[in-house]
Amino acid sequence: MTQRKNPRLLVLACDGLDPDVILHNLHRLPFIRSLCQGGGHGVVESAVHSCDIWTTHYTGLPPEQHGVQFSRLALAKQPADLSAVKTDLFLWDWLNRHGLTVGFVEPLHAYPAPQVKGFFVSGSPRPSLAQTDRAVWPPALKPLIDREYMASLPKPPSLKDLGVDKPFNELTDAELLKLLDGYFADAPALLRPHLNWYLDLVERLWTKVPCDVLWVYFMETDVLGHFLFNDDPPEALVQVYAEMDRGFARLAQRTGAEAVLLLSDHGMTPIARLLTQPQSTPLMRNLAEEYRVAGTRLLRPNLAVVQGYNQGLCTGTHRDRAFYAVRSPRVRSGVRADVHFHDLFGLLLRVLGLPVPPGRRAYRGPLFPEPAPAPGPARAPTPGPGTAPRAATAPGTTPTVTTKGVRPLRIGILTYGIHKGGRGRTVARLAEGLARRGHDTFILMLEGQPVAYPVRVPIHRMPAFEPHKFPQADVIIPASLGLIPKALGRSSHVTVPLHFRFEPDVAYDARTALHVVSLPYRSMATAAPVAARVQQQSGRPCHPVPPGIDTAIFKPGARPPGGPRRVGFIYRSPALGYGFKGADCFFTAMQRVLHEERDVRVCLLNPDGLPVDAPIPVEVVEARSDEEIARFYRSLDVFVTASVSDGAQLGVLEAMACGTPVVATDAGGIREYATPGINCFMGLPNHPKMLGDLVLAALRDRNRARGFANAALQMVRTRTWDAFVDAAEAAVQAACAERRREAKP
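Cut-offs and rules
- Residues numbered from 1 in each chain as written.
- Predicted model: local features only at pLDDT ≥ 70, side-chain atom pairs only at ≥ 80, totals over all residues.
- Heavy atoms only, no water.
- Core = buried A, V, L, I, M, F, W, Y, C linked by side-chain atoms within 4.5 Å.
- Buried < 20%, exposed > 50% of the residue type's maximum accessible area, 1.4 Å probe, protein only.
- Contact = heavy atoms within 4.5 Å.
- Pairing = 2+ DSSP bridges.
- Helix = DSSP H or I, 4+ residues; strand = E, 2+ residues; numbered from the N terminus.
- Axes fitted to C-alpha atoms, helices over the stretch in contact; angles between N-to-C directions.
- Salt bridge = Lys/Arg side-chain N within 4 Å of Asp/Glu carboxyl O.
- Phe/Tyr/Trp six-rings, centres within 6.5 Å; stacked < 30°, edge-to-face > 60°.
- pLDDT = per-residue confidence, 0-100.
- Polar contact = N/O pair within 3.5 Å; in protein donor to acceptor, adjacent residues only side chain to side chain.

Focus: the nonpolar core
- Core analysis: the largest hydrophobic core is formed by 140 residues, its most contacted members being W92, F218, Y324 and L367.
- Not counting the four nearest positions on each side in its chain, L367 is found in contact with G40, H41, Y324, V326, R330, V331, R332, V335, A337 and L347.
- Among the nonpolar cores identified, the runner-up in size contains 63 residues, and I418, V494, F500 and M715 belong to it.

The following block contains the structure:
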């Protein structure tokens, strides 16, 4: 059993930590920001019942396998009972078997304390320490705990604390609104002494029993999050997150942990959102119905209240999106990779270089450069500290497949046409780049379709895509989702699709799109977050191939003097299937901007050339060349994108390369390079009020906008088309090598 002065892994298990609150306020959360920039992070597709989610994290099993703890514990108001969980082992058992000592502090729904190699202090629900000797292992640590953690949490004021004698249901809307104005605003100040006490306790326990893996549970953001959505945005809650961020930084610094994993079970959202907006999952619809039945009062479209814990005025609730961030020598730097909560057990083990137990789900996403350890039985402990295998590739780099000594390939790129826009530009660059590297490259496209960007490789035009008529090739790269089945219709070549976004999010026939994405083939995607989702869906590697920018053309320059302030947007016609680009949301947001700021002109770049149906005055700009597009970006005070779900969004990168401040929506792929509060303003998709507020902020706070633009400019200079082609060539070679291995008897 190893004993280390510093943990190999510090797990900050934070209940109710919401991804939107974090990602919209990273500039105020320096420690969490350092995790995101120095490692990987993402949104977790999750559930809403903490007991089931944490038990999945402890076992690696989904709730339907480990026993759906919510029905057994929460509804019956019973203490936790680990012996009732349907599992052959827990996380701590697996770590111990692999020679790692563990320390668990207040893990939720983990009572009684198992007799681990290390230490364990069970969390709620359990009897108080005065009533049981089964909550702490080893028992000798119990005197170190001078108070109950849950009882120490700051409590929201009750009506009585506020000097109100009337029952909640007799208060008028006006009275409730008055009470909620500034309600629990001292929560951040109350939190600090509690957090200092708790961190002191953790340090006492860890100093007494050092361990390899230290797991510390935090309930603060959940408890306080229920009571701090009385403002929009929730400033007091953001201050709570800032206090937590300082606490996380202190614990990481004091322990000197080699790796840090921050994860939450679910997020938080205003209760009003459940009552006023359609919910997309059964869990959220059921939760909305529970609040309706509980007598929730909807005071405004964005504010609802019900009595909650300590008879406080509850304005927030759980939602089925959580957050994680991880920094480790094994993890690439600056990667956004969204996951499912079933993945986090395997992700944690991957950080430690350990295999998953049999029957568990391994993490195979894009965070790690080395392949995942194969599942299998526990091995014998490795003697000596610090002997776990290290990744051969330095953090932040992408592994490549060498092509030295490998014959050139005949590669066909299958596309409907090379139209104006990011997809057309990327296809043209890919074809030219592969040809320059010695591959016999050609483009296969439909008759009558345009070639909007110059290409020198052969173009084969067909009246219809019939696989048996395709030219012979070693590799076919379908560049649209609908062409993947066409490419797979012929088995003589290797098919390596190129994904530009996660199509099931935006496709008219989402079910068919999901089926195609789920087919088990190796692929590529122009943004790492998209690659992660495709890989998760298909179970096969999806290689991130981030596109580049021609900085000789897209570069900063002087804005034409005089005239009104200009806000720009690339208008793609919904009639051509581009509804997901969010034009309606943009126009609604700009109605508010134009109402508040008179000297603003809305400028649209219209590459499709179709009539623009806009409810506001707009200036439509024609640009026939890249140089004219660059001049368009440079003419703007703010560039806006409003996509619902998207990939790399070349237009955003081009605007950044021209030094133009960007306001964007969190559409997925953009998260690979765009960080809110660092190099752009970012809001939620389909949220025109928020988008309008951000445009106003960018127009009014020019120093902040300029700071974001400068940071974006430094980032975008690292993205080259040569690197894009290198990554694509590596993915193609990997697919071909895989085909050769499979062909061997």
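Examining the sheet that holds strand 11 (residues 313-314)
- Read across the sheet, 3 strands follow the order 9-10-11 without closing on themselves; strand pairing throughout is antiparallel. Looking at which strands have only one partner, the edges of the open sheet turn out to be strand 9 (297-300) and strand 11.
- Bridge analysis of strand 10 (residues 303-307) against strand 11 gives 2 bridges, and the strand direction is antiparallel. For Q307, the partnering residue across the bridge sits in strand 11 and is L313.
- Relative to strand 9, helix 8 (residues 173-180) is tilted by about 75°, and along the sheet it contacts strand 9, strand 10 and strand 11.

A closer look at the pattern of salt bridges
- Under the criterion given, the structure shown has 51 salt bridges.
- As a salt-bridge pair, K166 and E175 come within 3.1 Å of each other at their nearest N and O atoms.
- When its relative accessible area of 30% is taken as the criterion, E175 is described as partly exposed.
- Note that R522 is salt-bridged to E738, the shortest N-O span being 3.1 Å. Linking R522 in the loop between helix 17 (510-518) and strand 22 (523-525) with E738 in helix 24 (residues 721-743), this pair joins segments that are 216 residues apart in sequence.
- Look at R522 and you get buried, because its relative accessible area is 11%.
- Taking relative accessible area as the criterion, E738 reaches 15% and is therefore assigned buried.
- Taken together, the salt bridges that share partners define one network made up of R565, R592, E596, E597, D599, K689, D693 and R700.

Some remarks on the packing of aromatic side chains
- A complete count under the given rule lists 26 aromatic pairs for this structure.
- With 6.2 Å between their ring centres and 75° between their planes, W54 and W215 make a pair best called edge-to-face. A residue pair is termed long-range when its members are at least 10 positions apart, and W54 in helix 3 (residues 50-59) and W215 in strand 6 (residues 213-218) qualify at 161 residues. Across this residue pair, the class does not change: W54 and W215 are buried.

Observations regarding unusual backbone geometry
- Looking along the chain, the bond that leaves W137 and enters P138 is cis, with omega of -5°.
- Counting through the fold element by element, P138 comes out in the loop between strand 5 (136-137) and helix 7 (149-152).
- Backbone torsion omega between D232 and P233 reads 5°, so that peptide bond is classified as cis.
- Here P233 lies in the loop between helix 10 (220-225) and helix 11 (235-255).
- One non-glycine residue, H109, lies in positive phi territory at about 60°.
- Position of H109 among the secondary structure elements: in the loop between strand 3 (102-105) and strand 4 (118-121).
- With a phi angle near 55°, N686 is a residue other than glycine that sits in the positive phi range.
- As for its position among the elements, N686 is in the loop between strand 29 (681-683) and helix 22 (688-700).
- Given a relative accessible area of 56%, N686 falls into the exposed group.

Re the confidence of the model for the chain
- For the chain, mean pLDDT is 89; residues scoring 70 or higher make up 93% of the total.
- The low-confidence segment residues 71-76, where pLDDT is below 50, has 13 contacts with residues more than four positions distant or belonging to other chains.
- Ignoring residues within four places in sequence, the model shows residues 378-405, a span with pLDDT below 50, making 43 contacts including any to other chains.

Observations regarding the side chain of S538
- The residue S538 is located in helix 18 (residues 528-538) in this model.
- At 3.2 Å, the side chain of S538 and the backbone nitrogen of R540 are in polar contact.
- Those residues in contact with S538 that sit more than four places away from it in its chain are V517, S518, L519, P520 and Y521.

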